Each structure stands twice: as C-alpha cells, then as structure tokens.
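# What the coordinates show
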Amino acid sequence: MNTAGLDFDHIPPLSVPFRFFISASLFGALAGIALVLMPGAASGNGLGNRWSPELLSITHLITLGVIMMVMLGALFQILPVVGAEPVKQPHLRAALIHPLLCLGTLALSVGLWVLGTPLGKTALWIAMLLLPCALLVAMASYLPAIVCHIRSNATLRQASWALLALGITLLLGCWQLLGWSLPQQFPLDRRLTDLHALWGTLGWCLLLIGAVAYQVVPMFHTAPAVPTRVQQFSAPVLILLLIGLGFFQGWSPVPWFELLLSVYSLLLASGLLGNLARRRRRVADATLRAWQLAATCLMLACFGFWLSVWGWVPESFAFILLLYGVILSVVIGMLLKICAFLLYLHLQQRCGTCFEAFALLPKMHELIAQQQGQRLLALHLFALLTLLTATIAPLPTLICGAALCSEFAYLLTLQCRALGRYRVAAQRIDVQVSQQNPGLANGARAAKE
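The present account deals with the structure reproduced in this document. (Residues numbered from 1 in each chain as written. Predicted model: local features only at pLDDT ≥ 70, side-chain atom pairs only at ≥ 80, totals over all residues. Heavy atoms only, no water.)

## Some remarks on the layout of surface pockets
Leftover empty space is mapped by rolling, across the atoms, a probe with the size of a water molecule. Within this model, the largest pocket holds a volume of roughly 950 Å³. Lining of the largest pocket is provided by 46 residues; of these, Leu-56, Thr-59, His-60, Thr-63 and His-196 occupy positions nearest its centre. Take the lining of the largest pocket: its biggest share by element is 10 residues, from helix H2 (residues 53–82). For the lining of the largest pocket, the class distribution of residues is 32 nonpolar, 11 polar and 3 charged. (1 Å grid on protein atoms, 1.4 Å probe; cavity = no way out; pocket = protein on both sides within 12 Å on 5 of 7 lines; lining within 4 Å. Points joined across faces, edges and corners; volume = space filled by probe spheres on them. Helix = DSSP H or I, 4+ residues; strand = E, 2+ residues; numbered from the N terminus. Nonpolar A, V, L, I, M, F, W, Y, C, P; charged D, E, K, R; others polar.)

Here it is, written out as structure tokens:
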C-alpha cells in the first residue's frame, strides 16, 4: 500500500463516517423492498418506463440514500487525509447532515411513490425543505476545508468541481419538485429531468469518484499516478460539456454535445482500465474488480445511450448501466476497502506509543476478508444483470428487488461484523495500553470514539 503524501493525523472520529455507511446499506435494502412492492412486481412488467413514479422513488432511494450518503460520509474522512483542512466540528456537522439527508430522502421517496395524492404533495414539500438544507450544510462544511489548498492539490480541485455540479443538480431537482407540486407556476420539462440526472451522475458522482481515484487507486493498487494534464483539465472539460448540453439540447439536428460526452466517457474508461493494467500489485481483490467493472459499464453505457436514441433499447438501459454499473460499483468496492482501512487506522492510533499493543492489531483482511468482498461483488453483479434484463425483457421486478435486498443485507452484515471485530480488538488494545500507561487509555478511547 502506497500512502506517501497522505496525512492520517487529523481524521475524524470513527462514528462520523460510519453512520453514513451503515445508513447507505439500509437505504439500499429499502430500495430492494420497494422493487418487491412495485405494482405488478410478479407479473414481469419490466423497468423500461423510467418515468413511472414508483421507479423514480426507487431511483432516489439509491442516488440519495446510498450514493449520496456514502459520498458525504466519505468526504469527512478523505479531505483531511489528502491535505485539506479538517472539517471543523465533524461530530456536530455530521449530526446535522445525516438526519436531514435520511428524512429528506424518505420524504422524497414517499412523495414520488404516492404522487398526486395529498400525502404525496406534503411529502414533496418536506423533501424540498430538508434535502436542500442537508446539502447546503454539507457544502458549507466541505468548501472551507477545500479552498485553502485548492491550487496545489488536484484531488481538492476536482472535488470543488464536483461540489459545483452538486449545487446545479440540487437546483434542477428543486425546480422539478416545484413542478410536481405547483405545475401551473413551474411547468415540468423532461429535458430538465435529463439534465438533472446527467449533472448528478456525470457531474457530481463521476467527478468526485475521479477525485478520489487520484489518491486511492495508486494507494491501494500501486497503480501509476494519473497524468497531471488529465488531473488539471478533465473536470473543467466535463463541466463545459454539461453546460453546452444544457444550452443546446434539442436545438441542433446533430447531437454534438451528446457525442462529445460519449467520447469523453470512453476515453475516461479506457484510461482507467489501462492504468489498472499497469499496477505493480498484481493481486486482484474485489475493489480492483469493482473499478474494472465500473470502467467496462461506462463504455457499455455510452453504446447503450446511442442504442436508446435509435430506439433499440429503452432509455433506462443506459441509465442503469451508468448508475448501478458505474457509480454504485465504485461505491460498493470502495466501501469494502475504506471500512476495513478506517477500522485498522483507528486501532493503530489507539495503540499510541505502546509497542506491545501493536501486536494485538488485526490485519485488514481479518476485518473484512477478501472472500467476503468477492461474494459481495458477485451479488452486486447479479443485481446489475437482473436490473438490465428487466428493462428489455419481462423479468419480474420481484427478482430484482430480492437481488438488491441480498446485496445490501450482506453489505450491512459485513459492516456490522467488522465493527464487532474492531470493538473486540479495541478492548484488548486498551487493556494493554492501560497496563503500560495507566490513566492514558481512557482519554485516548474517548478521543477516538
């Protein structure tokens, strides 16, 4: 593992990121349950109609409840490690962001599920209050930590572009929610819905994944560093393409910006695959396979988009490849690595200067075993294949829901088991430290929890 240039002295307490990680597993399982409860789940109506209220509800359970939840939680951890200023008062800020995001996501999901009813309108208004508050508090927490070192750090520069994309995604989403609640004052436009989805997936998610990849791919897989020019210009180019698409969407007989976005995505995916192929660490663990799966799905999503334009597959086919195949593959793969690494890092810091305590440290693969990661990735791949099949064939969404429930229930089990092993090891370390330095262990324990 290559950790050169990283700072692990200012990481937040373990409870800050893990509340987001655990909640993400619960929301993923809830999305699976919602698929099981969809009207006609056993009849095989498929997932071809991406405009159905139930499917929109489930989509936001995944985008906000899983992907956004993990990303906001991980930023508390990643920013101080890559050289940014630590987020001030992480306990307090996480205690504000987490419940607002959880309740806002639930309200939005309920509002879309029962769209057009009095309950649905009330739930959408609650979501319009809670979700912007959660995301604005998050951006206000992260931006001050980023701007101090933005010029000298490529990861922080791209993270700032990702936060800009998140802000635009939030504005477009609020406009669409107003359109559902007040259609006469705010007319709905499906082109804005497409832009909302693109800014959220390609803008916010893909840019933040790229920012994290600059650090974690060389760190965990000893792959070559991303070229400096790519780090400097990839994010601004993508932002300009998305802005151009917003202004010229549907105005030109030739979809130039869609074509350029496809070329950009193909270059990005092929570059990632080539970089991983040149890694020095040849062990292919689940996280590496998740990156390779994501890059492959990004290529397929480009072709899937044009197949949908020509009417050969539904629009939802390419969207599922992008959302579940690309973004969620990286999220699942990185959760495996980050959870184990954070637990190990906190145990290591718990040892302090007591060399005898270091002998009690479990190895990272003892917290989450490689075979467990491979099983989780297999469940994820099965869920992806069922979702894709349901868009083009009469596969019951009941099967898709069961696949999602299995994947996220297993992820939750791995997280809980790893936390259990962490607590056992922490108790042993605290006993050893207290024997060597009486009175020191209690203070160290309180500072790390």
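Right, picking up where we left off after that structure.
## Regarding the environment of Leu-96
Residue placement: Leu-96 occurs in helix H3 (residues 90–113). On the basis of relative accessible area, Leu-96 is assigned to the partly exposed category, the value being 42%. For the pair Leu-96 and Gly-200, spaced 104 residues apart in sequence, the C-alpha separation works out to 22 Å. (Buried < 20%, exposed > 50% of the residue type's maximum accessible area, 1.4 Å probe, protein only.)

## Focus on the packing of aromatic side chains
Scanning all chains against the criterion turns up 6 aromatic pairs. A ring pair is formed by Phe-76 and Tyr-142, whose centres lie 5.4 Å apart and whose planes are at 75 degrees; its orientation type is edge-to-face. On the criterion of sequence distance, the pair formed by Phe-76 in helix H2 and Tyr-142 in helix H4 (residues 118–147) is long-range, its members being 66 residues apart. Of the two residues, Phe-76 and Tyr-142, neither departs from the other in class, the shared state being buried. Their ring planes at 40 degrees and their centres at 6.4 Å tell us that Trp-306 and Trp-310 sit as a pair that is tilted. For Trp-310, a relative accessible area of 54% translates into the label exposed. Through a chain of ring-to-ring contacts, the aromatic side chains of Phe-305, Trp-306, Trp-310 and Trp-312 assemble into a single cluster. (Phe/Tyr/Trp six-rings, centres within 6.5 Å; stacked < 30°, edge-to-face > 60°.)

## What to know about unusual backbone geometry
Within the chain, Gln-89 stands out as a residue other than glycine whose phi angle is a positive 50 degrees. Here Gln-89 is to be found in the loop between H2 and H3.

## Things to note about the side chain of Ser-265
Mapping Ser-265 onto the fold places it in helix H8 (residues 256–277). In terms of polar contacts, Ser-265 uses its side chain to reach the backbone carbonyl oxygen of Leu-261, at 2.9 Å. Apart from the residues lying within four places of it in its own chain, the contact partners of Ser-265 are Leu-202, Leu-298 and Cys-302. (Polar contact = N/O pair within 3.5 Å; in protein donor to acceptor, adjacent residues only side chain to side chain. Contact = heavy atoms within 4.5 Å.)

## Digging into the packing of helix H5 (residues 154–181) against helix H7 (residues 228–248)
Packing of H5 against H7 brings their axes to within 9 Å, and their N-to-C directions diverge by 10 degrees. The orientation of H5 with respect to H7, classified from their angle, is roughly parallel. Across the interface between the two elements, Ala-154, Arg-157, Gln-158, Trp-161 and Ala-165 of H5 pack against Gln-231, Gln-232, Ser-234, Ala-235, Pro-236 and Ile-239 of H7. Its residues assigned to classes, the contact of H5 with H7 comprises 6 nonpolar, 4 polar and 1 charged. (Axes fitted to C-alpha atoms, helices over the stretch in contact; angles between N-to-C directions. Parallel < 35°, antiparallel > 145°, perpendicular 65-115°, else oblique.)

## Observations concerning the nonpolar core
Within the largest apolar cluster, 151 residues are counted, with the highest numbers of intra-cluster contacts made by Phe-21, Leu-72, Tyr-142, Trp-204 and Tyr-324. Considering every element that reaches this core, the biggest residue donor is helix H10 (residues 315–351), with 24 residues. Ignoring sequence-local partners within four residues, the contact set of Leu-72 consists of Phe-20, Ile-97, Leu-101, Leu-135, Ala-138, Tyr-142 and Trp-204. (Core = buried A, V, L, I, M, F, W, Y, C linked by side-chain atoms within 4.5 Å.)

## Describing the state of the cysteines
Counted by the stated rule, this structure contains 0 disulfides. Cys-102 takes part in no disulfide bond, and the closest cysteine sulfur, belonging to Cys-133, lies 15 Å away. Cys-102 sits in the buried class, given a relative accessible area of 13%. Cysteine Cys-405 remains unbridged, with the sulfur of Cys-400 as its closest cysteine sulfur at 11 Å. (Disulfide = S-S within 2.5 Å.)

## What to know about the pattern of salt bridges
Counted by the stated rule, this structure contains 2 salt bridges. Among the salt bridges present, the one from Asp-430 reaches Arg-350, with a minimum N-O distance of 2.9 Å. Of the two residues, Asp-430 sits in helix H14 (residues 397–436) while Arg-350 sits in helix H10, which places them 80 residues apart along the sequence. The two residues Asp-430 and Arg-350 agree in class, both being buried. (Salt bridge = Lys/Arg side-chain N within 4 Å of Asp/Glu carboxyl O.)

## Some remarks on the environment of Ala-94
Along the chain, Ala-94 falls in helix H3. A sequence separation of 79 residues divides Ala-94 from Ser-15, and the C-alpha atoms of the two residues are 9.3 Å apart. Setting aside anything within four residues of it in sequence, one finds Ala-94 in contact with Val-16, Arg-19, Phe-20, Phe-76 and Pro-99.

## Here we look at the packing of helix H1 (residues 15–36) against H3
When two helices pack together, you describe them by how their axes are tilted relative to each other and by the distance separating the axes. It is at 10 Å that the axes of H1 and H3 come closest, and there the two elements cross at 10 degrees. Here H3 runs roughly parallel to H1, going by the angle between their axes. Side by side, H1 and H3 meet where Ser-15, Val-16, Arg-19, Phe-20, Ser-23, Phe-27, Leu-30 and Ala-34 of the first sit next to Pro-90, His-91, Ala-94, Ala-95, Ile-97, His-98, Cys-102, Thr-105, Leu-106 and Trp-113 of the second. Its residues placed into classes, the contact of H1 with H3 shows 12 nonpolar, 5 polar and 1 charged.

## Comments concerning a nonpolar patch on the surface
A contiguous nonpolar patch, built from Leu-30, Ile-33, Leu-37, Leu-103 and Leu-106 and spanning about 430 Å² of accessible area, is present on the exposed surface. For the nonpolar patch, the elements supplying multiple residues, two or more each, are H1 and H3. Here Leu-37 is to be found in the loop between H1 and H2. Judged by relative accessible area, which is 59%, Leu-37 ranks as exposed. (Patch = residues over 30% accessible without salt bridge, like charges linked within 9 Å, V, L, I, M, F, W, Y side chains within 5 Å. Areas by Shrake-Rupley, 256 points an atom, 1.4 Å probe, with all protein chains shown as cover.)

## A short note on H5
Compared with an ideal rise of 1.5 Å per residue, which puts 28 residues at 40 Å, H5 spans 41 Å between its outermost C-alpha atoms and is within 8% of the ideal. The buried count for H5 comes to 20 of 28 residues, which makes it a mostly enclosed element. (Expected span 1.5 Å × (residues − 1).)

## Quick notes on the side chain of Ser-57
With respect to the helices and strands, Ser-57 occurs in helix H2. For Ser-57, a relative accessible area of 1% translates into the label buried. Discounting chain neighbours no more than four positions away, the residues touching Ser-57 are Ser-109, Leu-112 and Trp-113.

Such coordinate-based values are descriptive only and should not be taken to indicate function.
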